[in-house]
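Chain by chain, the residues:
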Amino acid sequence: FSDHEKQTAVWPNDGASLGELLDSLSLTPALIAALDRAYVEIDADIKSRRAEKNRTVLDLEPDVQLSLGAMRNVQRLLWVLKCAMPGSKYSGDYRAAASRAAVRALPDARPSGRRRRPSSRSSEQAMVVNTLALWSMNPGVVFSEIAEEARSVVLTSGTLSPVASYASELQAEFASTLEANHVIDPQRFMAMVVECGPSGQPVVAKHSTVSLMSFQDDVGAAVVAIAAQSPDGMLVFAPSYALLSSLFARWETTGHMDALKQSKEVFLEPPGGSSDAFAKMMTRFQETLARKQGEQGPATRGAVLFAVYRGKVSEGIDFADQLCRTVVNIGIPYPAFKDVQVILKREYNDSRSRPAAADDGTGHAERLVSGGEWYETQAFRALNQALGRCLRHKDDWGAIVMLEARFAIPRNAARLSKWIRSYIREYDSFDDAMRNLRGFYATRIASDKAALASSVH
């Protein structure tokens with residue numbers, strides 16, 4: 001596999017098996033067994049010494065320290081190597097990938113680890129980074145140990161949908177499954193599929209359309225219209241930072257960004273995964289909404305946060321009450337089609353989804369879903385994770401606007417969580433959708449004001 005930034009070789013391939021690769025690296029079963037025995041002895045010695053000294057870091061020699069984190073990493077590496085070794089019942093579930101990538105590094109690193117901003121691109125230095133990875137294609141490798149040791153296993157989540165793939169992927173049979181409704185009264189949320197933008201043309205965020213100015217302009221006009229009506233906080237999800245960057249650049253030239261700022265202060269989820277940058281952004285977002293929250297109910301001017309599916313905003317962050325009254329979803333977040341891991345996973349699932357693969361001697365008795373089904377499932381699981389950001393408790397309320405024509409296709413709608421697919425309203429007219437959205441907001445705001453007045457008296 002090769003692109004303009006990275007070259008990747010994978011094993012097994014036509015020339016060599018994974019076992020042959022490991023053997024060429026001197027990672028033989030005998031060596032791994034010896035390392036495993038050494039790890040057990042060292043671990044026992046460390047626990048004994050820590051029990052005496054009650055220390056979190058063990059001094060082995062004057063200049064050598066071994067932390068709990070280092071020991072965990074060694075344990076995990078040995079576990080993976082044992083599973084991938086020839087003769088293991090899981091050896092067929094692993095793929096190795098050796099990649100070489102050119103990256104830009106900045107010189108003059110400061111002692112703190114922060115680097116100076118270069119004065120020009122000439123100060124950047126090209127580096128080649130080589131990486132060897134061992135990837136498990138089968139989640140059941142890890143889950144099997146849990147299932148074997150536990151008497152019962154209960155999986156609970158608000159975003160398990162689509163449910164059917166879990167038993168297949170985890171290679172486990174679940175005797176009981178339950179897909180429940182949301183605790184929120186259906187009158188307290190509105191879920192809509194808006195197939196067209198203000199131009200009247202279908203909105204389809206595919207690779208072949210997202211770079212079109214007509215698409216970017218229509219999405220910009222739609223987001224501006226929704227933001228002008230939405231009270232308090234608003235989240236907008238897109239499949240990638242690259243798309244958000246393109247949209248922002250276009251909207252700066254068309255005036256859509258200026259129009260958006262008339263209704264909302266604009267925030268962007270920081271790319272790169274920096275916890276510090278994310279925390280600072282969230283603090284500013286929350287402070288903005290707190291400052292604009294009036295005593296008589298939701299403010300007419302709030303804040304909008306643009307984020308990506310599978311990012312920090314979409315998973316695990318609580319946007320209760322005024323922090324989010326509207327979620328806008330752009331596109332369907334399919335994994336990168338040409339990503340090496342995605343390609344290998346699809347091929348692996350396809351090879352084990354056929355009847356002949358049901359019992360291939362590797363210990364797998366269950367057929368997997370096909371590669372295409374797995375690919376679809378990953379997209380809708382990420383989507384379902386993002387949909388419920390505005391509904392966090394039974395007294396919360398909010399609107400979910402899926403700005404994508406493909407959600408009107410029955411097989412796509414069927415992949416949404418049960419609590420939302422039962423109440424979806426489809427609109428092929430943007431104006432009709434906005435009219436009903438205004439009515440929903442007006443009803444909920446009036447209800448909040450009445451409840452506040454009642455509590456005062």
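Definitions and limits used
- Residues numbered from 1 in each chain as written.
- Predicted model: local features only at pLDDT ≥ 70, side-chain atom pairs only at ≥ 80, totals over all residues.
- Heavy atoms only, no water.
- Axes fitted to C-alpha atoms, helices over the stretch in contact; angles between N-to-C directions.
- Helix = DSSP H or I, 4+ residues; strand = E, 2+ residues; numbered from the N terminus.
- Parallel < 35°, antiparallel > 145°, perpendicular 65-115°, else oblique.
- Contact = heavy atoms within 4.5 Å.
- Pairing = 2+ DSSP bridges.
- 1 Å grid on protein atoms, 1.4 Å probe; cavity = no way out; pocket = protein on both sides within 12 Å on 5 of 7 lines; lining within 4 Å.
- Points joined across faces, edges and corners; volume = space filled by probe spheres on them.
- Nonpolar A, V, L, I, M, F, W, Y, C, P; charged D, E, K, R; others polar.
- Core = buried A, V, L, I, M, F, W, Y, C linked by side-chain atoms within 4.5 Å.
- Buried < 20%, exposed > 50% of the residue type's maximum accessible area, 1.4 Å probe, protein only.
- Expected span 1.5 Å × (residues − 1).
- Phe/Tyr/Trp six-rings, centres within 6.5 Å; stacked < 30°, edge-to-face > 60°.
- Lys NZ or Arg CZ within 6 Å of the ring centre and 35° of its normal.
- pLDDT = per-residue confidence, 0-100.
- Salt bridge = Lys/Arg side-chain N within 4 Å of Asp/Glu carboxyl O.

Engineer: Residues and numbers for the packing of helix α6 (residues 213-229) against helix α7 (residues 241-254), please.
Structural biologist: Between α6 and α7, the least distance of the axes is 10 Å, while the angle of their chain directions is 80°. Overall, the two elements α6 and α7 adopt an arrangement that is roughly perpendicular. Where α6 approaches α7, its residues Met 213, Gln 216, Asp 217, Val 219, Gly 220 and Val 223 are matched on the opposing element by Ser 246, Leu 247, Arg 250, Trp 251 and Thr 254.

Engineer: Could you give an account of the sheet that holds strand β6 (residues 189-194), naming the residues involved and the relevant values?
Structural biologist: The strand order across the open sheet formed by 7 strands is β8-β9-β7-β10-β11-β6-β12, and the pairing between neighbours is parallel. The outermost strands of the open sheet, each flanked by one partner alone, are β8 (264-268) and β12 (424-427). On average, each strand axis in the sheet is tilted by 20° relative to the strand beside it, whichever way the strands run. Sheet topology places β8 next to strand β9 (residues 302-308); 5 bridges connect them, and they run parallel. Paired with Phe 267 across the bridge in β9 is Leu 305. Packed on one face of the sheet, helix α11 (residues 371-387) meets β7 (233-238), β10 (326-330) and β11 (398-403) and runs near 160° to β10.

Engineer: Break down the layout of surface pockets for me, citing the residues and quoting the values.
Structural biologist: Computed from the structure, the largest pocket encloses a volume of approximately 1,300 Å³. Lining the largest pocket are 40 residues, with Tyr 334, Pro 335, Ala 336, Phe 337 and Lys 338 positioned closest to its centre. Listed by contribution, the elements that provide at least two residues to the lining of the largest pocket are β1 (6-11), β4 (94-105), β5 (125-136), α7, α10 (340-351) and α11. Element by element, the count of residues in the lining of the largest pocket is highest for β5, at 4 residues. In terms of residue class, the lining of the largest pocket is built from 22 nonpolar, 9 polar and 9 charged.

Engineer: Run through the nonpolar core, naming residues and quoting values.
Structural biologist: Of all hydrophobic cores here, the largest spans 39 residues; its most connected members are Phe 306 and Leu 437. In terms of residue count, the dominant contributor to this core is α6 (7 residues). Excluding residues within four positions of it along the chain, Leu 437 makes contact with Met 190, Met 192, Ile 226, Gln 229, Ala 399 and Val 401. Membership of the second largest hydrophobic core comes to 38 residues, among which are Val 193, Met 281, Leu 305 and Ala 379.

Engineer: So what about helix α3 (residues 68-84)? Which residues, and what values?
Structural biologist: The end-to-end C-alpha separation of α3 is 25 Å, in line with the 24 Å expected for 17 residues at 1.5 Å each. Along α3, the positions that sit buried rather than exposed are Met 71, Leu 78, Leu 81, Cys 83 and Ala 84.

Engineer: Would you mind going over the packing of aromatic side chains in detail, with residue names and values included?
Structural biologist: Per the stated rule, a full pass over the model turns up 13 aromatic pairs. Here the aromatic rings of Phe 440 and Tyr 441 are separated by 6.0 Å at their centres, their planes lie at 55°, and the arrangement is tilted. Residue Phe 440 is classed as buried on the basis of its relative accessible area of 8%. The exposure class assigned to Tyr 441 is buried, which follows from its relative accessible area of 2%. Among the aromatic residues, those joined into a ring-pair cluster are Phe 189, Trp 419 and Tyr 423. It is Arg 346 that lies over the ring of Tyr 375; its NZ or CZ is 4.7 Å from the centre.

Engineer: Give a detailed account of the environment of Glu 373, specifying residues and quantitative values.
Structural biologist: With respect to the helices and strands, Glu 373 occurs in helix α11. A relative accessible area of 31% places Glu 373 in the partly exposed class.

Engineer: Let's hear about the side chain of Thr 8: which residues, and what values?
Structural biologist: Among the secondary structure elements, Thr 8 is positioned in strand β1. Overall, Thr 8 belongs to the buried group, its relative accessible area being 10%. Ignoring sequence-local partners within four residues, the contact set of Thr 8 consists of Phe 1, Ala 97, Ala 98, Ser 99 and Val 340.

Engineer: So what's going on with unusual backbone geometry? Residues and values would help.
Structural biologist: The residue after Trp 11, namely Pro 12, is reached through a cis peptide bond having omega 0°. In this structure, Ser 26 is a non-glycine residue whose phi angle is positive, near 65°. With respect to the secondary-structure elements, Ser 26 resides in the loop between α1 (18-24) and α2 (29-53). One non-glycine residue with positive phi stands out, namely Asp 232, at about 55°. With respect to the helices and strands, Asp 232 occurs in the loop between α6 and β7.

Engineer: Give me the lowdown on the confidence of the model for the protein chain, citing residues and values where you can.
Structural biologist: Taken as a whole, the protein chain shows an average pLDDT of 84; of its residues, 86% reach a score of 70 or greater. Here residues 106-116 is modelled with pLDDT under 50, and outside its nearest four sequence neighbours on either side it reaches 11 contacts, counting other chains as well. Contacts of residues 118-123 to residues separated by more than four positions or lying in other chains number 4 contacts, the stretch itself having pLDDT below 50.

Engineer: Which residues make up the pattern of salt bridges, and what values do they have?
Structural biologist: Taken as a whole and judged by the stated rule, the model has 14 salt bridges. The shortest N-O distance in the salt bridge between Asp 217 and Arg 250 comes to 2.8 Å. Taken together, the residues Asp 217 in helix α6 and Arg 250 in helix α7 connect sequence positions 33 residues apart. Connected through shared salt-bridge partners, Asp 232, Arg 325 and Asp 396 make up one network.

Engineer: Mind laying out the packing of α10 against α11, listing which residues take part and the relevant values?
Structural biologist: Viewed as axis vectors pointing N to C, α10 and α11 meet at an angle of 130°, and their least axial separation amounts to 7 Å. Viewed along their axes, α10 and α11 adopt a mutual orientation that is oblique. Residue-level contacts link Val 342, Lys 345, Arg 346, Asn 349 and Asp 350 of α10 to Gly 371, Gly 372, Trp 374 and Tyr 375 of α11. Here the contact of α10 with α11 is composed, by residue class, of 3 nonpolar, 3 polar and 3 charged.

Engineer: Mind laying out the pairing of β7, listing which residues take part and the relevant values?
Structural biologist: Taking burial as the measure, the 6 residues of β7 include 6 buried ones, the bulk of the element. Alternating residues of β7 divide into Gly 233, Leu 235 and Phe 237 and Met 234, Val 236 and Ala 238, and every residue in both groups is buried. Taken together, the 4 bridges between β7 and β10 define a ladder with parallel strand orientation. Each residue of the ladder has a partner; that of Met 234, found in β10, is Thr 326.

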